[in-house]
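Observations on the model geometry
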4 protein chains.
Amino acid sequence: MTGRNVIIENLQQQPIESHMVEFVERKGLGHPDYIADSLSEELSLELCREYSKRFGTILHHNVDKVLLVGGEARPVFGGGEVISPIYIVMSGRATTEVDSNGAKEKIPVGRIAVESAKRWLKSSIRNLDTESHVIVDHRIGDGSTALVCNYDNKKGNACANDTSFGVGYAPWDTLENLVFDAERFVNSDYLKKRIPEVGEDVKVMGLRTGKEIKLTIAAAMVSKNIPDMSHYLSVKADLKKAIEDKITSKCEMPVEVYLNNADIPENGIAYLTVTGTSAEMGDDGETGRGNRSNGLITPQRPMSLEAAAGKNPVSHVGKIYNVMAASIADRVAKIKGVNEAYVKIVSQIGRPIDDPHMADVQVVSEGGMPLTSNMKAEIGAIIESEFGSIDKVTELILAKKVTLY
Amino acid sequence: MTGRNVIIENLQQQPIESHMVEFVERKGLGHPDYIADSLSEELSLELCREYSKRFGTILHHNVDKVLLVGGEARPVFGGGEVISPIYIVMSGRATTEVDSNGAKEKIPVGRIAVESAKRWLKSSIRNLDTESHVIVDHRIGDGSTALVCNYDNKKGNACANDTSFGVGYAPWDTLENLVFDAERFVNSDYLKKRIPEVGEDVKVMGLRTGKEIKLTIAAAMVSKNIPDMSHYLSVKADLKKAIEDKITSKCEMPVEVYLNNADIPENGIAYLTVTGTSAEMGDDGETGRGNRSNGLITPQRPMSLEAAAGKNPVSHVGKIYNVMAASIADRVAKIKGVNEAYVKIVSQIGRPIDDPHMADVQVVSEGGMPLTSNMKAEIGAIIESEFGSIDKVTELILAKKVTLY
Amino acid sequence: MTGRNVIIENLQQQPIESHMVEFVERKGLGHPDYIADSLSEELSLELCREYSKRFGTILHHNVDKVLLVGGEARPVFGGGEVISPIYIVMSGRATTEVDSNGAKEKIPVGRIAVESAKRWLKSSIRNLDTESHVIVDHRIGDGSTALVCNYDNKKGNACANDTSFGVGYAPWDTLENLVFDAERFVNSDYLKKRIPEVGEDVKVMGLRTGKEIKLTIAAAMVSKNIPDMSHYLSVKADLKKAIEDKITSKCEMPVEVYLNNADIPENGIAYLTVTGTSAEMGDDGETGRGNRSNGLITPQRPMSLEAAAGKNPVSHVGKIYNVMAASIADRVAKIKGVNEAYVKIVSQIGRPIDDPHMADVQVVSEGGMPLTSNMKAEIGAIIESEFGSIDKVTELILAKKVTLY
Amino acid sequence: MTGRNVIIENLQQQPIESHMVEFVERKGLGHPDYIADSLSEELSLELCREYSKRFGTILHHNVDKVLLVGGEARPVFGGGEVISPIYIVMSGRATTEVDSNGAKEKIPVGRIAVESAKRWLKSSIRNLDTESHVIVDHRIGDGSTALVCNYDNKKGNACANDTSFGVGYAPWDTLENLVFDAERFVNSDYLKKRIPEVGEDVKVMGLRTGKEIKLTIAAAMVSKNIPDMSHYLSVKADLKKAIEDKITSKCEMPVEVYLNNADIPENGIAYLTVTGTSAEMGDDGETGRGNRSNGLITPQRPMSLEAAAGKNPVSHVGKIYNVMAASIADRVAKIKGVNEAYVKIVSQIGRPIDDPHMADVQVVSEGGMPLTSNMKAEIGAIIESEFGSIDKVTELILAKKVTLY
């Protein structure tokens, strides 16, 4: 091992799955918080592309503050309309001007903010008309000098932009996998082709008690595709059956599925939307308020409160270290004798990001056995390898190959 | 004549054309003020349609306050880009909720505001991308009770919403016709097909001194269609020639055309835009700040300061009386012996709009001759006929058959 | 006379006062359009001060686009409340950054916009709480390069920023004086001390028919100071009497005063406001939509549509030439034998502002007599003297010694 | 025990304090996220007061979405200025209109949003001028029908508004207490009186490795009170000494304090602000992005991602259950034989809030001993008592007697 500050510890604790009670939640594609996260991240990616194209390098930005203010809609069976558009304000910081060979070059940050948001919405929320159902505004300011200078001073690796940390764990347990898969399935092309009545706003809450799981799913339905309540009920039945067939039946524990549980058909109450997202009806959303960087909300697991979405993938520890911690945990958890791995990485402002203030690996070993020196060496090597190729994290993020929310 | 308060007077004054100096201005299609006017009026028309469709009647609205905040752009020969989008806020008042058979029905005023604006922009400013070059926001409030009640109380004709007035005159003189025609020509399909490099932001200023006219035209050019300065100069030459051939050569006075006079080709200064409107570069616009309701700015003629655009065409005197005054003047000016006609109509708040507080017709007669009783009778009949069919004004406005700005 | 392009012409026309019908309007201190004008101008003045303090010169700005979106209020006798604040967005262009000895200095344009607006509102609208009754936002962009360069290139006098014109006339007639004085009186300290129930939103419309004047005044009353309808009616009576005693009784024509004519006391309808301005209840306002630069709206007189408010007082012809034209007209009208003077001044973009494209003086002489060579010489000298000391106009504007709206 | 769904389990795991590494963070009073939380909560409290005053009951609202967009400032020793104000948009949902005895009554939600925000800022951030350093806007919509109906249907206790959960734990360990106390001390009246140079934006990050603690504190300094670098350094020394004397010296572990660690005095780099908060310089903030409902960020402890701030304290489980879980944990942890207690409470939409879907109590017992039936009975009684007096949570929140962020 090198001089990196690494602590490896053997944690004596029950695996999560032996707890009597466990909750896991995932906010899906069309959830207002998910939309906010996506717009932050899409903007960051687009800025990366633009900075790279113009200057051969990714300049400072941190656009992890998008606010979505819900609109007003009147969904009715077979139709409906948006009364008042959703209002989205893109905010955060980005480098808007660069001195390039003596001349100032302006970066079209404002236009990119609006453009990238519209593009994502258009391609992701099928029934949302980006011309009339949503207003995309922006209030993105200049990057502050202090932060920008990280880049100017850059030698080799970027420096951490803040004193912050990332956390990760592995492996996922049954409930975590189930909740994630359920949402991905409901928002899959496969499902949407078969049941186009289903919108994108899907929220999955899993509750395990002992060995039994209750999966509560709220899925917004698209009103214009549903002529009446009886059609609605049949769509619900179809969707439930599809989830059971394709997802829950493969789970090793018995799973009960509750779908749109607040419906009261006899009173005409159903989860209808015009656009497929509850954002149309007043549910607000903010970047960083939904899923953690692994795509889940897991109260019983270590979580970071940093929003990964929208932060620059070069120097922002709140993004990079969360991805790395999960990646390290993944690899550590595969070591023979390891049941669970928990990883924390702390930065210190101004320190190169490949030289963290501390990396902490907690291992829950099989049978609580002490860690062997071989295991420790393997863990050390994993950390070494991950930090040695920290640029890959940036690349993975740029290639959209990691889940961030 | 009926009991309407009509005053007919014989005005002793030189016709405008005998003044030594005369200015006339017209802001064209893509000018920021013209855009603001258009968005106000399009919204009003769309609201009229929506109210009529839902309730069989046009409800109160007054959306004559649109603000366009210019963006930032970097036009360059052969390309260029928008740096920061134009920001437009639709504002004013409209009826947003109606008690209809005991149930409240919400009118999608916000969505219509955004939708109608985008639609107009898309169809009018060819090189403006409504998804990324412009942000359309709205802050439209409820109609105030006092004004709304005009409609509830409506019996026969609507009541005036304000103490206000309209003015009109006829006929147009040489310079007025020339300025109007020049702008319409530059923004005609004919011209745009032949010289697609020409944008929509066209401003025409005419100055007559004695019998000579100088026509100063500023026409935004679209940068992506113009590879270099030499192409720019040839486009300018073509445009100038076209104007001379089709418009100014037909004028009875000698006309000198000045096109994009602030250009300094040797310094690379040309009137280039990415989108065809100077709104992209920081020129702001507001409803009611551009052309008067006849489509011109004519300092030497009576003008009203009311914005016709965006006002409801049923009870808003600032709109209806301006259109009527012009229409009356037109007809009066055709009476034998009449050289010029000036018409003013004053409302009184709460009074039916077909019963104005006063209608004043000033006639400049041929040779300053006194008005004959026949002439007066004809004028009276015209007024009678116009007020007797005041609903036609509303219809003409709804059919977009009158110029309003 | 010098080489300046001056045209002097003898106009054969009736004086305005011999027309049968004349309208004059003035929007007073608390009217939404007047507020917008004031906030534009106050911001311009504050920017002038700031630029001068920092750089010894006034830099480019043009902040003549303020939008006020009316709020919502519930005034009731003896109290009431603001439901939703007035929303004001300050917009336009200003120089936000200056290269000063190699270092960039930022000008706090955004803060000044908000600060100056709040300060004016606080000191002008007595019952408006600037912390809770109003939201002041800003969207002021950078000055565009093309315009800014006027200043860099400045030698001696600034260059005109646009092809534009100013108009002025003199003397004011009876109705014009009356309307102006009436508003000033209702908004005077004298009156407000005596009748504090009267708000600032005062609109005066004067209509002269033959030799009789009807003065229609709408004056917002402050609800918390008025316990009930009977108090309201007595306030109205007091105000009417004060106006008659102090203003209309001194008029040479008989004047009938109509005060808050839309009131229907028996139905409880009175012109009540919480704050003293109708902006609280949904009346929107925009810079440049109210009074012309002499403080009046006069359809029968030549008017410019330029907003004087908010434009920079150094190079913006839309401001300077309007002030100058009025000043020249004033002086010309005092020449013996002159009844009325009408002045127009045209700029040409890029031309020094003291060298106008043309100055046109129209004189209505006593008895229609031809102008003597002496009169012409006097007029020429006035123009010469005004243009020779054009900087004084800037100084007068900075010292707030000229009416601009 | 009653029929409530309670699960009590004995958790086999090391106490947190035996982990080798632990992080705890607290964002203090003037941190942008803390400001956003505070403005959300202050608005909720004010709405509660207003609804209670008018209707005798607290109506639906959920204003947990405030966005703060950082401004721009130029702090310099002995002075400095705000260049561009902080922009805050209050958003979320609230009941804006109530049918009360047949008449509609409007609630001044917009005004209250602006007013309560200004009031909090004025009283909390001493050097922030609410008239010029900040713009407070709002975009609060109506509560959606579905949620509002909870209130209409209310019988006895309110129903849960969502399927959600709260988590809590006790007791706090050494590091958690230290981090919390440190921030509270730096923002205490005591400290601010002695060292007024210290601003409100204080962020404390604690890192424990084994038995040693590093406390990294970032404290914004107020530039106008600090004439030069040497004064700055002495203020830092004084502040550090005060923290050591009053806080860290009382800690049972050795603590090293790092204060404003990014300073580079020799390069003139110091943590200066004009207003005492980094919000002035571009740090954005959002409700729910900072401290969890116990006032800390603790990655190694169960955390909920719900923002407690701004939610209504009557039916919003994301607020009430988080407070209750902490309260239950507190009481359970005091039971003899209990080392640590972890509590989770799950709601189900539509179910009365005093009848949770499940309450889960995990106990880490002394020495890992099994829970006795007495202990279980005590725990059951605590839960019973807490749910039996669930209204007290609402009262405590209304009285501002619980930490929420």
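Quick caveat: nothing in here was measured; it's all calculated off a predicted structure. (Residues numbered from 1 in each chain as written. Chains lettered and ligands numbered in written order. Predicted model: local features only at pLDDT ≥ 70, side-chain atom pairs only at ≥ 80, totals over all residues. Heavy atoms only, no water.)

1. Comments concerning the overall build of chain A
Helix and strand counts for chain A stand at nine helices and 17 strands. For 405 residues, the compact-globule estimate of 2.2 N^0.38 gives 22 Å, and the C-alpha radius of gyration of chain A, at 23 Å, lies within 12% of that figure. Each principal axis of the C-alpha atoms in chain A carries an extent, and together these give about 65 × 65 × 25 Å. In chain A, buried positions account for 65% of the 405 residues. Sequence-distant contacts in chain A: of pairs separated by 6 or more residues, those separated by 24 or more amount to 76%. Here chain A has roughly 13,700 Å² of accessible surface; of this, 50% comes from carbon and sulfur atoms. The centroid of the 47 positive side-chain charges in chain A is displaced by 3 Å from the centroid of its 56 negative side-chain charges. (Helix = DSSP H or I, 4+ residues; strand = E, 2+ residues; numbered from the N terminus. Rg over C-alpha atoms; globule rule 2.2 N^0.38 Å. Buried < 20%, exposed > 50% of the residue type's maximum accessible area, 1.4 Å probe, protein only. Contact = heavy atoms within 4.5 Å. Areas by Shrake-Rupley, 256 points an atom, 1.4 Å probe, with all protein chains shown as cover. Lys, Arg positive; Asp, Glu negative; His and termini not counted. Charge placed at Lys NZ, Arg CZ, Asp CG, Glu CD.)

2. Side note on the packing of aromatic side chains
Aromatic ring pairs: the centre-centre distance and the angle between the two ring planes describe each pair. The tally for this structure, following the rule as stated, stands at 28 aromatic pairs over all chains. With a centroid separation of 5.2 Å and an interplanar angle of 70°, the aromatic rings of Trp172(A) and Phe180(A) are classed as edge-to-face. Assessed through its relative accessible area of 25%, Trp172(A) is described here as partly exposed. Across from the ring centre of Tyr87(C), 3.5 Å away, lies the NZ or CZ of Arg139(B), which sits over that ring. (Phe/Tyr/Trp six-rings, centres within 6.5 Å; stacked < 30°, edge-to-face > 60°. Lys NZ or Arg CZ within 6 Å of the ring centre and 35° of its normal.)

3. Things to note about the pairing of strand 2 (residues 21-27) of chain D
All names here are of chain D. Counting buried positions over the seven residues of strand 2 gives seven, a clear majority of the element. Both faces of strand 2 are covered, namely the face carrying Val21, Phe23, Glu25 and Lys27 and the face carrying Glu22, Val24 and Arg26. As defined by bridge partners, strand 2 adjoins strand 11 (residues 198-209) across seven bridges and the pair is classed as antiparallel. Each residue of the ladder has a partner; that of Glu25, found in strand 11, is Met205. (Pairing = 2+ DSSP bridges.)

4. Some details on the pattern of salt bridges
This model, assessed by the stated rule, comprises 149 salt bridges over all chains. We note a salt bridge from Arg331(B) to Glu386(B), for which the minimum N-O separation is 2.9 Å. A residue pair is termed long-range when its members are at least 10 positions apart, and Arg331(B) in helix 7 (residues 317-333) and Glu386(B) in helix 8 (residues 373-388) qualify at 55 residues. Glu386(B) gets classed as buried once you look at its relative accessible area, which sits at 10%. Between Glu183(C) and Arg184(C) there is a salt bridge; the shortest N-O distance is 2.8 Å. (Salt bridge = Lys/Arg side-chain N within 4 Å of Asp/Glu carboxyl O.)

5. Some thoughts on the environment of Lys193(A)
By the element assignment, Lys193(A) lies in helix 5 (residues 189-194). Linking Lys193(A) and Ile243(A), residues 50 residues apart in sequence, is a C-alpha distance of 14 Å.

6. Some points on the relation of the copies chain C and chain B
Overlay of chain C on chain B (RMSD 0.0 Å): rotation 180°, translation along the axis 0.0 Å. The transformation just described matches what one would write down for a two-fold rotation axis. Considering only C-alpha atoms, the part of chain C nearest the rotation axis is Gln13(C), at 2.0 Å. Comparing interface residues between copies, 100% of those in chain C also sit at the interface in chain B, which points to an isologous, same-surface contact. (Least-squares fit on C-alpha atoms with pLDDT ≥ 70 in both.)

7. Observations concerning the domain arrangement of chain A
Many authors give the size of an interface as the accessible area that is lost as the parts come together. Residues and elements named next belong to chain A. Structurally, chain A comprises domain 1 (6-15 + 163-171 + 289-398), domain 2 (32-152) and domain 3 (174-286). For domain 2 versus domain 3, the distance between C-alpha centres works out to 29 Å. In this complex, domain 2 contributes 28 residues to the contact, which on the side of domain 3 involves 29 residues. At the boundary of domain 2 with domain 3, total buried surface from both sides reaches about 2,100 Å², with 60% on carbon and sulfur atoms. A per-residue breakdown of the area domain 2 buries against domain 3 is headed by Phe77, Arg126 and Asn127, which together make up 32% of the total. Across the domain 2-domain 3 interface, the total number found is one salt bridge. Its salt-bridge partner being Glu200, residue Arg126 comes within 2.6 Å of it at the nearest N-O pair. Where domain 2 touches domain 3, the interface holds 13 residue pairs in polar contact (both at pLDDT 80 or more). When contributions to the side of domain 2 that touches domain 3 are tallied by element, the ones reaching two or more residues are helix 1 (32-55), strand 3 (61-69), strand 4 (72-76) and strand 5 (79-84). (Domains from an automatic or database assignment. Buried area = accessible area lost by both parts, 1.4 Å probe. Polar contact = N/O pair within 3.5 Å; in protein donor to acceptor, adjacent residues only side chain to side chain.)

8. Here's the deal with the interface of chain C and chain B
Counting residues at the interface gives 67 residues for chain C and 67 residues for chain B. Here chain C packs against chain B, burying approximately 5,500 Å² in sum over the two surfaces, 60% of which is carbon and sulfur. It is Lys65(C), Arg289(C) and Leu305(C) in chain C that bury the most area against chain B; as a group they hold 13% of the surface buried on that side. Joining chain C to chain B, the criterion identifies four salt bridges. A salt bridge links Arg289(C) to Asp64(B); the nearest nitrogen and oxygen atoms lie 2.9 Å apart. Taken together, the connections running from chain C to chain B amount to 20 residue pairs in polar contact (both at pLDDT 80 or more).

9. Describing the interface of chain D and chain C
Counting from both sides, the interface comprises 26 residues of chain D and, opposite them, 26 residues of chain C. Between chain D and chain C, the buried area comes to about 2,100 Å², and carbon and sulfur atoms account for 47% of it. Among the residues of chain D in contact with chain C, Ile83(D), Arg111(D) and Glu131(D) are the three that bury the most area, contributing 29% of the side total. Between chain D and chain C we count ten salt bridges in total. Across the pair Lys106(D) and Glu72(C) runs a salt bridge whose closest N-O atoms are separated by 2.6 Å. Our count for the chain D to chain C interface comes out at 16 residue pairs in polar contact (both at pLDDT 80 or more). Mapped by element, the contributors of at least two residues to the side of chain D that touches chain C are strand 5 (79-84), helix 2 (109-124) and strand 9 (134-142) of chain D. In terms of residue count, helix 2 of chain D provides more of the side of chain D that touches chain C than any other element does, seven residues in total. Of the residues contributing to the side of chain D that touches chain C, the split by class is ten nonpolar, six polar and ten charged. (Nonpolar A, V, L, I, M, F, W, Y, C, P; charged D, E, K, R; others polar.)

10. A word on the pairing of strand 5 (residues 79-84) of chain C
All names here are of chain C. The buried count for strand 5 comes to five of six residues, which makes it a mostly enclosed element. Sheet topology note: the strand 4 (residues 72-76)/strand 5 ladder contains five bridges and is antiparallel. Residue pairing across strands places Ala73 opposite Val82, the latter belonging to strand 5. The antiparallel hairpin formed by strand 4 and strand 5 contains two residues in its connecting segment, where Gly78 sits at a positive phi of about 80°.

11. Focus on helix 6 (residues 229-246) of chain C
All names here are of chain C. Between its terminal C-alpha atoms helix 6 stretches 25 Å, which fits the 26 Å expected from 18 residues at 1.5 Å a residue. All of the buried residues along helix 6 are Met229, Tyr232, Val235, Lys236, Leu239, Ala242 and Ile243. End-on, the buried residues of helix 6 take up no more than an arc of 145°, which puts them together on one face. Among the structural elements, helix 4 (174-186), helix 5 (189-194), strand 11 (198-209), strand 12 (212-222), strand 13 (255-259) and strand 14 (272-273) are those in contact with the buried residues of helix 6. (Expected span 1.5 Å × (residues − 1). Arc of directions from axis to C-beta.)

12. A look at the sheet that holds strand 15 (residues 285-286) of chain A
Residues and elements named next belong to chain A. The mixed open sheet is built from four strands, whose spatial order is 9-6-3-15. Lying at the two open borders of the sheet, with one neighbouring strand each, are strand 9 (134-142) and strand 15. Pairing geometry for strand 3 and strand 6 (residues 86-94), over seven bridges, is antiparallel. Each bridged residue has a counterpart across the sheet, and for Val69 the counterpart in strand 6 is Tyr87. Here helix 2 (residues 109-124) sits on the sheet in contact with strand 6 and strand 9, set at roughly 145° to strand 9. (Axes fitted to C-alpha atoms, helices over the stretch in contact; angles between N-to-C directions.)

13. Comments concerning the sheet that holds strand 10 (residues 165-170) of chain B
Residues and elements named next belong to chain B. One open sheet accounts for four strands, arranged 1-17-16-10; its pairing is mixed. With partners counted over all chains shown, the strands left at the sheet margins are strand 1 (6-10) and strand 10, one partner each. With direction set aside, neighbouring strand axes in the sheet form an average angle of 15°. With eight bridges connecting them, strand 16 (residues 338-346) and strand 17 (residues 358-365) associate as antiparallel partners. Pairing of Val338 across the sheet is with Ser365, part of strand 17. Those strands touched by helix 7 are strand 10, strand 16 and strand 17, and its axis lies near 25° from that of strand 10. Where helix 8 meets the sheet, its contacts fall on strand 1, strand 16 and strand 17, and the angle it forms with strand 1 comes to roughly 140°.

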